[in-house]
Amino acid sequence: MSIAERRERQRAERYELILAAARELAEAEGWDAVTTRRLAGLIDYSQPVLYSHFRGKADIMAAVATRGFEELAARLRMETTNVAGAADVLRNVCAAYLDFARSHPVVYEAMLVLPTKIKFASEETPTALRAAFAELVAALGPDRQQPEFLAEVLWSALHGMVVLAQSDRIPAAGAAVRLNVLVQRFSR
């Protein structure tokens, strides 16, 4: 391995270490606790090393969010390829979305709640976000009029359910019923 290759590998490893530390710290103490100073201390590197990878906390959060979209897209993709019936695909994709948000609340917060510089519905939209959205479109099935618009409405409903549930504004006991109503409305 050449010196340049080794340096690039070490740089990639540091990048991953920073993201993992940020995610762990946010999961333990919330995003307010994530600072470059705390991260530098956690991973035993200086702040300038962190700044050689990220301009600051906002960039770190955006990178965690982008990884979250990659994970979500993969999770939804599994649901669109493993089920035969269209209604089952939609139900499973919606359930997987809600489960992802429930299982990874800090990542979901970075993805879709906290402000980031990630561009949605633009030329600059990251590939991972486009992939996750494409899975929502696919879950609606073929032959839909305005499938992207319909997927935006579905996404909005799912996001609303997540945020209301996470803030205890709707009872957890009704989650299955709400999911059934949502799937019925979009299965028409």
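Further up the page is the structure itself.
So, how was this worked out
Residues numbered from 1 in each chain as written. Predicted model: local features only at pLDDT ≥ 70, side-chain atom pairs only at ≥ 80, totals over all residues. Heavy atoms only, no water. Helix = DSSP H or I, 4+ residues; strand = E, 2+ residues; numbered from the N terminus. Contact = heavy atoms within 4.5 Å. Salt bridge = Lys/Arg side-chain N within 4 Å of Asp/Glu carboxyl O. Buried < 20%, exposed > 50% of the residue type's maximum accessible area, 1.4 Å probe, protein only.

**Student:** Explain the side chain of Glu79 to me, please; I cannot follow it from the model alone.
**Tutor:** Residue placement: Glu79 occurs in helix 4 (residues 57-81). Excluding anything up to four places from it in sequence, Glu79 contacts Val89, Asn92, Val93 and Ala96.

**Student:** Please explain the pattern of salt bridges as it appears in this structure.
**Tutor:** Side-chain pairs of opposite charge can arise whenever the charged atoms involved come near each other. Throughout the structure, instances matching the rule amount to 9 salt bridges. Where Arg75 meets Asp99, a salt bridge forms, and the shortest distance between an N and an O atom there is 2.6 Å. Placement of the pair is Arg75 in helix 4 and Asp99 in helix 5 (residues 86-103), with a sequence separation of 24 residues. Owing to a relative accessible area of 24%, Arg75 belongs among the partly exposed residues under this scheme. Through salt bridges with shared partners, one network takes in Glu16, Arg67 and Glu70.

**Student:** Any chance you could explain the environment of Leu39 here in plain terms?
**Tutor:** By the secondary structure assignment, Leu39 is in helix 2 (residues 36-43). Taking the relative accessible area as the measure of exposure, Leu39 reaches 0% and is therefore buried. Discounting residues that sit within four places of it in the chain, Leu39 has contacts with Ile18, Ala21, Ala22, Leu25, Val34, Leu50 and Ile60.

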